[in-house]
Structures are given as structure tokens and as C-alpha cells.
Amino acid sequence: MSRWQEVINIARQVRNNFHDDEQPLKETFEKICNSKNIEIIYAPCGEHACQEANGGKIVLPLDTSRARDNFTVAHELGHIYLNHQPDGNGVFRRSGKSTQEEIEANLFAAEFLMPKDKFTEAAKKFDFDENSLANEFEVSKTAALVRMSALKLRPQS
């Protein structure tokens, strides 16, 4: 099995263990964080995760939308579930570089938030409208567009 498929399988397993399609993502994240002793906080220096001996923190920026925060939380959880190694200070911080670990965390987040089968079905249902998809999956319009592109989904001509 390829590493990419392994990342997708882990994302699906975490989603299946914690998410119910009838509940908002906020509740899903609360369940996951409670199980891992992770606290979600907001701070001016947000958008990273800190791993500690008995849990950790996911730090979000003060000025982003809930939809954007959902992707960030899923991305940071990806680092944790994929057993990525934090820096010497126990921090997973975005470097702006496309490292293997960043790509894997993004793939984890995309599959966790917008599972391929459900997303493909919804894309057809909503006639590939990114606003409707973003609302359906509680993600930003940009995340929905990137997912459609990655899955090569487009209207039939």
C-alpha cells in the first residue's frame, strides 16, 4: 500500500470513529480533542499545533473563519494521527514549504473533511457549485475548489 493510500485510510478511520453526518464538525473535533487531551485555543500567533507529553494544543488565528479553522484543525490533527515529528520545541509549525509531512497533513485534512465518495456525490448533486459544497462540508470555498481539482471533478460538457 502506498503512503498516500495509508494517509487516506487513516483519515477515513478517524472520521468513522468520531464523526456522525448529523453533527457539526465542531462536535467531531471536540470528541477527537477530548480523546487525545488536545485543547483548541485562539491566539495572535495561531495556526500550529503543540504536542506535549500528555496531550497538546491546536492554536488558531484570531481572524479566520470557522470554515478556514476547520481545515486548519483537521490539518494539525493529521500531523498527530500520522505520527509526524514536531520540532525540538514540540511544535508543528507551517514553514510555507511543501514538505512531505505538510502534503500528507493536507491530504489527511481533505479526506477527513471531504471524503472522496461523499464529496463526489455532492459535487454532482450541487452541479459542481463550490459555494454549495463549501457549505455542505463546512470548509472554505477555496478548500472545496482545491478538492474538486484534486479529484478531477468538473461538469460534464
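Coordinates for the structure precede this section.
Just so you know, these numbers come straight off a predicted model, no measurement behind them.

What follows is about the packing of aromatic side chains. Two numbers describe a pair of aromatic rings. These are the distance of the centres and the angle of the planes. Here the structure, examined in full by the defined rule, presents four aromatic pairs. With a centroid separation of 6.0 Å and an interplanar angle of 25°, the aromatic rings of Phe-29 and Phe-112 are classed as stacked. Of this pair, Phe-29 sits in helix α2 (residues 25-36) while Phe-112 sits in helix α4 (residues 100-113), placing them 83 residues apart in sequence. According to the relative accessible area criterion, Phe-29 is buried, its value standing at 2%. Arranged with centres 6.2 Å apart and planes meeting at 10°, the rings of Tyr-81 and Phe-108 form a pair that is stacked. Of this pair, Tyr-81 sits in helix α3 (residues 66-81) while Phe-108 is found in helix α4, placing the two residues 27 residues apart along the sequence.

Our next topic: α4. In a regular helix each residue adds 1.5 Å, so 14 residues correspond to 20 Å; α4 covers 20 Å between its end C-alpha atoms and thus fits that length. In terms of burial, α4 is largely enclosed, as ten of its 14 residues are buried. Check the buried side of α4 and you find it contacts α1 (3-18), α2, α3, α5 (116-125), α6 (130-137) and α7 (141-150).

Here the focus is the state of the cysteines. Think of a disulfide as a covalent bridge from one cysteine sulfur atom to another cysteine sulfur atom. One pass over the structure, following the stated rule, counts zero disulfides. Counting only cysteine sulfurs, Cys-50 is the nearest neighbor of Cys-33, a cysteine outside any disulfide, at a range of 13 Å. The class for Cys-50 is buried, based on a relative accessible area of 18%.

This next bit is on the nonpolar core. Counting 41 residues, the largest nonpolar core has Leu-77, Phe-108, Phe-112, Leu-113 and Met-114 as its most contacted members. Broken down by secondary-structure element, the contributors of at least two residues to this core are α1, α2, β3 (55-60), α3, α4, α5, α6 and α7. Once residues lying within four places of it in the same chain are set aside, the contact partners of Leu-113 are Arg-15, Leu-25, Phe-29, Asn-70, Phe-71, Ala-74, Phe-137 and Val-139.

Tracing the backbone shows Glu-111 in helix α4. Residue classification places Glu-111 among the buried positions, given a relative accessible area of 2%. Here Arg-147 takes part through its side chain, which lies 2.5 Å from a polar atom of the side chain of Glu-111. Excluding residues within four positions of it along the chain, Glu-111 makes contact with Ile-8, Ala-11, Arg-12, Lys-116 and Arg-147.

Here the focus is α2. Over its twelve residues, α2 extends 16 Å from the first C-alpha to the last, a length consistent with the 16 Å expected when each residue adds 1.5 Å. When α2 is considered as a whole, its buried residues turn out to be Leu-25, Thr-28, Phe-29, Ile-32 and Cys-33. The buried residues of α2 all sit within an arc of 130° when viewed along its axis, so they share a single face. Two residues or fewer after α2 comes Asn-37, characterised by a positive phi angle close to 55°.

Before going further, it helps to spend a moment on the pattern of salt bridges. Tallied over the entire structure, the rule returns six salt bridges. Arg-3 serves as the salt-bridge partner of Glu-104, at 3.0 Å between the closest nitrogen and oxygen. In this pair, Glu-104 is assigned in helix α4 and Arg-3 in helix α1, connecting sequence segments 101 residues apart. Arg-15 is the partner of Asp-21 in a salt bridge, and the nearest nitrogen-oxygen pair spans 3.3 Å. With relative accessibility at 46%, the residue Asp-21 sits in the partly exposed group. A network of salt bridges, in which partner residues are shared, links Arg-3, Glu-6 and Glu-104.

Quick notes on the rules
- Residues numbered from 1 in each chain as written.
- Predicted model: local features only at pLDDT ≥ 70, side-chain atom pairs only at ≥ 80, totals over all residues.
- Heavy atoms only, no water.
- Phe/Tyr/Trp six-rings, centres within 6.5 Å; stacked < 30°, edge-to-face > 60°.
- Helix = DSSP H or I, 4+ residues; strand = E, 2+ residues; numbered from the N terminus.
- Buried < 20%, exposed > 50% of the residue type's maximum accessible area, 1.4 Å probe, protein only.
- Expected span 1.5 Å × (residues − 1).
- Contact = heavy atoms within 4.5 Å.
- Disulfide = S-S within 2.5 Å.
- Core = buried A, V, L, I, M, F, W, Y, C linked by side-chain atoms within 4.5 Å.
- Polar contact = N/O pair within 3.5 Å; in protein donor to acceptor, adjacent residues only side chain to side chain.
- Arc of directions from axis to C-beta.
- Salt bridge = Lys/Arg side-chain N within 4 Å of Asp/Glu carboxyl O.

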